[in-house]
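Geometric and topological summary
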Amino acid sequence: MWLSLYEPLLLFLVSLEEKITTKEDVSAVDQSNTSFPEWACQRKAKLEHLNIKLTSAIEVLQEHAELRDGNQDYSRALAFRRASSVLKALQFPVQSVEQLRGLKDIGEHVKTVIADFLDHGSSSEVEEILKSHWFRKMKLFTSVFGVGPSTAKAWIDHGWENLEDAQKNGCPSNDWRIAWGLAFWKDLNTPVCRTEALTFSQIVQQEAESILPGVITTLVGGFRRGKQEGHDVDILLSHPKEGAETDLLPKLIAALGKRGLMLIGHKEKSSFRSDVLYQDFKISTRGQLDHFEKWLGICKFPKSFSKHENSTSKCEENQNNSHSKTNSDSNLKAYASLDDSLSELYEPKAKKAKPSETTSLDPNLISAAPRDWLARRVDLIIAPYSQYYYALVGWTGSKHFNRDARLYAQKKLGLKLTSHGLYDLQKRESLSAQSEEEVFAHLNLQYVDPSDRNC
Ligand code: CTP
Ligand code: MN
Ligand code: MN
């Protein structure tokens, strides 16, 4: 009797509860992301996103795996990268691991780290790594231009603790990058700011234009993705008339040298041959090496490059603190003779420079001499116009965006994507593109703005 009296109310409550549960489920499904795009190249990832603390933590794990560089470590690093790239594209700040349900690239390990972070404001695993002596040394050593994980490990095996140890033992290898990287470590580890990058790229544009009218000069890399700071300046050059770009690079290097902007660098010839592209389909696991003609080196950026018209920028402040001036006589002498002797190095025709002359250039003296410029890493890349828009995508990055887009092209479309083009290996044909939009269209992807490629 009592029960039957309350039965309707009970039924109502049960159905209400069902409704609430269903509603919760719906929002859980929404958030657990059945419609979340599977591939990073299908998503938008801005520099500013809602999960920066989590991605920073996960990227420490990624970096740790990259530095360990053992057999399993590459795939471990990639797994962390995939997870952080998912978090970067989420439209909500993660507050519980439940919200990550259904996201394919968030594995158990990452969930544990996130849970730890959400519960305690930090992850014990990440903290341990950051404290580790080995990790700190590896970070320090690999921050030298030209030093990768294997060289850094060798330095640790020598018992070296810091960069002075590497310096003291003479130039630890014949690699010019390491010698100059050590001498200019402080400059090269002071972030390049956007103003400097834009100023330099305008000068490159002017010089290139006077050598080759109609040239296209594009600031690529992180700056094209909207970054305010970067570790280098990447500039891509091309010309709408196929083949017109052939002699540009040596002339450009000489012109920049005349303006006193070149310090040291290495020119690579184009190694492009169309058959190379039809051969190996294996997506290279580590580097994203391409076959373009390029110059990779270090330039001298006058401090005035970073000056804003009316104010002292943060960028300018950085640079004023970036190196101490020394005034010894020998340094002054080295400085005075600098531009002449160096032109031998970067002007390709100046082959008459004997090895002894080249080795007599001491990067340490040059670095310690009084100077009004900062050493900056620069990459200049020359692409023939038929490959230009693929080169533009490739050199805009991010690195992970490229890796993902290449894997996507292979797995979903059976096509091979590189910075040189998009190839149908069955039909043995390449798909030409007259714009970046067309590159995305060939890939069956919605166009992703460079500022959204920060995955
Ligand atoms: N890249 C490439 N081939 C290389 C070197 C770089 O295709 N041999 C691509 C990278 O994938 C990246 C872009 O060119 O997307 C720029 O490389 P890099 O300067 O290393 O990275 P940024 O994204 O510009 O980062 P940062 O701001 O630190 O310079
Ligand atoms: Mn860069
Ligand atoms: Mn670069």
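Numbering of residues begins from 1 in every chain and follows the order in which that chain's sequence is written. Following the order in which they are written, the chains are lettered starting with A and the ligands numbered starting with 1. Local features in a predicted model are, by the rule used here, given only for residues with pLDDT of at least 70; side-chain atom pairs are given and counted only at 80 or more, and totals for whole chains, interfaces and linings are based on all residues. Hydrogen atoms and water are omitted, and side-chain values are computed over all heavy atoms in the structure.

Put simply, the rule reads: UniProt positions are given in the numbering used here, feature names are shortened, and annotations may be inferred rather than shown by experiment.
The protein is annotated in an unreviewed UniProt entry as DNA-directed DNA polymerase from Elysia marginata. A UniProt comment under Sequence similarities (unreviewed entry) is attached to the protein, and it reads "Belongs to the DNA polymerase type-X family." Regarding the protein, the relevant UniProt record gives this comment under Subcellular location (unreviewed entry): "Nucleus".

1. Here we look at the coordination of the manganese ion (ligand 3)
As a reminder, the rule being used: Note: metal donors comprise N, O and S atoms at 2.8 Å or less from the metal (3.2 Å for Na, K and Ca); water molecules are not included, so apparent gaps in a site are possible. Here a strand is any run of E in DSSP of at least two residues, a helix any run of H or I of at least four, and the numbering for each starts at the N terminus. Partly exposed describes any residue whose relative accessible area lies between the buried limit of under 20% and the exposed limit of over 50%, with all areas from a 1.4 Å probe on protein chains only and scaled to the type maximum.
Distances from the manganese ion (ligand 3) to its protein donors, Asp232 (OD), Asp234 (OD) and Asp379 (OD), fall at 2.0 to 2.3 Å. Sequence spacing of the donors to the manganese ion (ligand 3): D-x1-D-x144-D. In this structure, the manganese ion (ligand 3) lies 3.7 Å away from the manganese ion (ligand 2), the two metals sharing Asp232 as a donor. Of the two residues, Asp232 is situated in strand S4 (residues 232–238) and Asp379 in strand S7 (residues 373–382); the sequence distance between them amounts to 147 residues. For Asp232, a relative accessible area of 7% corresponds to the buried category. The buried category is assigned to Asp379, whose relative accessible area is 6%.

2. With respect to the sheet that holds strand S9 (residues 422–424)
Note the cut-off: At least two bridges found by DSSP between two strands are what make those strands a pair.
Spatially, the three strands line up as an open sheet ordered S8-S9-S10, and their pairing is antiparallel. Edge positions in the sheet fall to strand S8 (415–417) and strand S10 (429–430), since each has one partner strand and no second. Taken together, the three bridges between S8 and S9 define a ladder with antiparallel strand orientation. Bridge assignment links Lys416 to a residue of S9, and that residue is Tyr423.

3. Describing the confidence of the model for the protein
The line we're drawing: Think of pLDDT as the predictor's per-residue confidence, scored from 0 to 100. We call two residues contacting when some pair of their heavy atoms lies within 4.5 Å.
Looking at the protein, the pLDDT average stands at 85 and 79% of residues meet or exceed 70. When the criterion is pLDDT under 50, residues 1–29 qualifies, and its contacts beyond four places in sequence or with other chains add up to three contacts. Counted against residues more than four places away or in other chains, residues 323–359, with its pLDDT under 50, gives 50 contacts.

4. A word on the pairing of S4
The buried fraction of S4 is high, at seven of seven residues. The two faces of S4 match: Asp232, Asp234, Leu236 and Ser238 on one face and Val233, Ile235 and Leu237 on the other face are all buried. Here four bridges tie strand S2 (residues 216–219) to S4, and the two strands are oriented antiparallel to one another. Across the sheet, residue Thr217 finds its bridge partner in S4, namely Leu237. Here S4 pairs with S7 via six bridges, running parallel. Opposite Ile235, over in S7, you have Leu380 as the bridge partner.

5. So, the packing of helix H6 (residues 133–142) against helix H7 (residues 149–157)
Put simply, the test is: Whenever a helix is involved, its axis is fitted only over the stretch in contact; in every case the axis is a line through C-alpha atoms, and angles between N-to-C directions fall within 0 to 180 degrees. Orientation is classified from the angle alone, with under 35 degrees giving roughly parallel, over 145 giving roughly antiparallel, 65 to 115 giving roughly perpendicular, and any other angle giving oblique. Two helices crossing with the near one rotated counterclockwise from the far one by less than a right angle form a left-handed crossing, whereas a clockwise rotation gives a right-handed crossing. Residue polarity is assigned by list, with Asp, Glu, Lys and Arg as charged and Ala, Val, Leu, Ile, Met, Phe, Trp, Tyr, Cys and Pro as nonpolar; anything else, Gly included, falls into the polar class.
As a packed pair, H6 and H7 sit with axes 9 Å apart at the nearest point and diverge in direction by 120°. Taken as axis vectors, H6 and H7 run oblique relative to one another. Here H6 runs over H7; the crossing is right-handed. Mapping the contact onto sequence places Trp134, Lys137, Met138, Phe141 and Thr142 in H6 and Pro149, Ala152, Lys153, Trp155 and Ile156 in H7. Residues that form the contact of H6 with H7 fall into these classes: seven nonpolar, one polar and two charged.

6. Thoughts on the packing of aromatic side chains
Where two aromatic rings form a pair, the distance of their centres and the angle of their planes describe that pair. Using the following cut-off: In this scheme Phe, Tyr and Trp rings, the latter by its six-membered ring, pair at centre separations within 6.5 Å, and the angle between planes marks the pair as stacked below 30 degrees, edge-to-face above 60, and tilted otherwise. Working rule: Lys NZ or Arg CZ, within 6 Å of ring centre, within 35 degrees of ring normal, means a charge sits over the ring.
Applying the stated criterion across every chain yields a total of 13 aromatic pairs. Centre to centre, the rings of Phe200 and Phe301 are 4.6 Å apart; their planes meet at 25°, and the pair counts as stacked. Of this pair, Phe200 sits in helix H11 (residues 194–211) while Phe301 sits in strand S6 (residues 293–302), placing them 101 residues apart in sequence. Residue classification places Phe200 among the buried positions, given a relative accessible area of 0%. Judged by centre distance (5.1 Å) and plane angle (75°), the rings of Phe440 and Tyr447 are edge-to-face. Under the relative-accessibility criterion, Phe440 is labelled buried at 2%. Above the ring of Trp373, the side-chain terminus of Arg371 is found at 4.6 Å from the ring centroid. Over the aromatic face of Phe401 sits the side chain of Arg453, whose NZ or CZ is 5.8 Å from the ring centroid.

7. Quick look at the side chain of Ser201
Mapping Ser201 onto the fold places it in helix H11. What makes Ser201 buried here is its relative accessible area of 12%.

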